[in-house]
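Each chain, letter by letter, is given below.
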Amino acid sequence: MADQHPVSPEGSIPPIALALRWEEPPEGPVLVLLDQTRLPAEEVDLVCTDVPALVEAIGSLAVRGAPLLGLAGAYGIALAAARGFDVDEAAESLAHARPTAANLAHGVRRAVAAYHAALRDDADEAQAAAAALAEARALHREDAEASERMAAHGQVLLEELLPAGGHRILTHCNTGALVSGGEGTALAVVKAVHRAGQLRRLWVDETRPLLQGARLTAYEAARAGMAFTLLTDSAAGSLFAAGEVDAVLIGADRIAADGSVANKVGSYPLAVLARYHHVPFVVVAPTTTVDPATPDGAAIEVEQRPGYEVTDITIPHVPIAGQEAGTGVPVAPLGTQAHNPAFDVTPPELVTAIVTEEGVISPVTADGIAELWSRSRSGNGMMSI
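The shown structure was predicted, so the numbers you read here are calculated from the model rather than taken from an experiment.

Undergrad: Talk me through the domain arrangement of the chain; I want residue IDs and the actual numbers.
TA: Looking at the chain, the domain boundaries give domain 1 (20-143) and domain 2 (153-304 + 339-380). Between the C-alpha centres of domain 1 and domain 2 there is a distance of 26 Å. Residue-level contacts link 22 residues of domain 1 with 27 residues of domain 2. Both faces considered, domain 1 and domain 2 share a buried interface measuring about 2,100 Å² in area, 52% of it formed by carbon and sulfur atoms. By the criterion of area lost to domain 2, the three top residues of domain 1 are R64, P99 and T100, representing 28% of everything that side buries.

Right, here's the structure in full:
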């Protein structure tokens, strides 16, 4: 079950509420999510008491973003264990809630492994549940640390690629604190550049069809005091043609063994535009997004979203005359078929660099991905740029 509770931030420009947190009220542990479908109009907590509620929240994009989905998966296993539900059944449900997101399955696997390892060591159910929770919290800390390190590596990379400073950066979808245990992925780099006084302009793609850029990235950029401008996805080409873009920074939901990158649909056209206009196209993602079991871009399963997200306009939090809040307003003729992939795949030859907490890969090659994976597993330090 999931309940909703308004958040009451203080101050004229409040800090961004935590996207995800674990709480233990007297009636039992819960996973509390900031409902991202309600932003930017209002900050509302979604309280999940079981895994089906969490799976529904993942599917509806109330909780979203690659690193945060990994945390949600791990905490979901801890929630199932703490409340006495079947952990393996919960893992199966969670791991497939969004098939393209590599981090989601990674978080689930880590928490399940900790749970079963505790049982093999003769722990009781309560102790095994505590082990799953400890693993989820460890992953949460690691993600926050990874965010900080990615921001630092990305800032250095931009200084090398664009030594003149005054960066005009284009981004797509939302990659900030709303998707992470820290400040995010690509938007964390942008925030670091902003704090260094080197951000001239952040161009924010609205990101069709669910407007994560317009609703969420603009929400974060405004609170950070950035100079930003929102544009329709189809207007990006005119910006490149006018010489108004110095770099493109995006996140990723899965990176294949050959360096192919799956990200929010609309990313691949930006990579093509960037290559034609000789603009760096940079992907920022933690190593948990890398999936060596996926050999190339063609092997990445691309999630297909419901057609009504394209044929209708839905504003979850605002009642419209004659409509109940949360229902769609049709913008296409009745019966129109819609193609609505959630992601597209950018081949490695169009990616200037991949920034991770372990360092930067450039050029992006299968050998570079393999070395990154090896280093991230062995903990032998960072790759050099």
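The structure having been displayed, the exposition proceeds.
Undergrad: So what about the UniProt feature "active site" (unreviewed entry) in the chain? Which residues, and what values?
TA: UniProt annotation of "active site" (unreviewed entry) refers to D253 when read in the numbering used here. Residue position: D253 is located in the loop between β8 (247-250) and β9 (254-255).

Undergrad: Account for the sheet that holds strand β6 (residues 199-205), naming residues and giving values.
TA: If you walk across this open sheet you meet the seven strands as β7-β6-β5-β8-β11-β15-β16, and the pairing is mixed. Strands at the two margins of the open sheet, each flanked by one partner only, are β7 (228-231) and β16 (359-361). Between one strand and the next, the sheet's axes are offset by a mean angle of 25°, whatever the strand orientation. Of the strand pairs in this sheet, strand β5 (residues 167-171) and β6 are connected by five bridges, and their pairing is parallel. Each bridged residue has a counterpart across the sheet, and for H167 the counterpart in β6 is L199. The sheet contacts of helix α6 (residues 186-195) involve β5, β6, β8 and β11 (281-284), and relative to β6 the element is tilted by about 155°.

Undergrad: Residues and numbers for the environment of R21, please.
TA: For R21, the position within the fold is in strand β2 (residues 20-23). A sequence separation of 238 residues divides R21 from G259, and the C-alpha atoms of the two residues are 32 Å apart. Among residues more than four places away in sequence, those in contact with R21 are V30, L31, V32 and D45. Separated by 2.7 Å, the side chains of R21 and D45 make a polar contact.

About the thresholds
- Residues numbered from 1 in each chain as written.
- Predicted model: local features only at pLDDT ≥ 70, side-chain atom pairs only at ≥ 80, totals over all residues.
- Heavy atoms only, no water.
- Domains from an automatic or database assignment.
- Contact = heavy atoms within 4.5 Å.
- Buried area = accessible area lost by both parts, 1.4 Å probe.
- UniProt positions renumbered as here; feature names shortened; annotations may be inferred.
- Helix = DSSP H or I, 4+ residues; strand = E, 2+ residues; numbered from the N terminus.
- Pairing = 2+ DSSP bridges.
- Axes fitted to C-alpha atoms, helices over the stretch in contact; angles between N-to-C directions.
- Polar contact = N/O pair within 3.5 Å; in protein donor to acceptor, adjacent residues only side chain to side chain.

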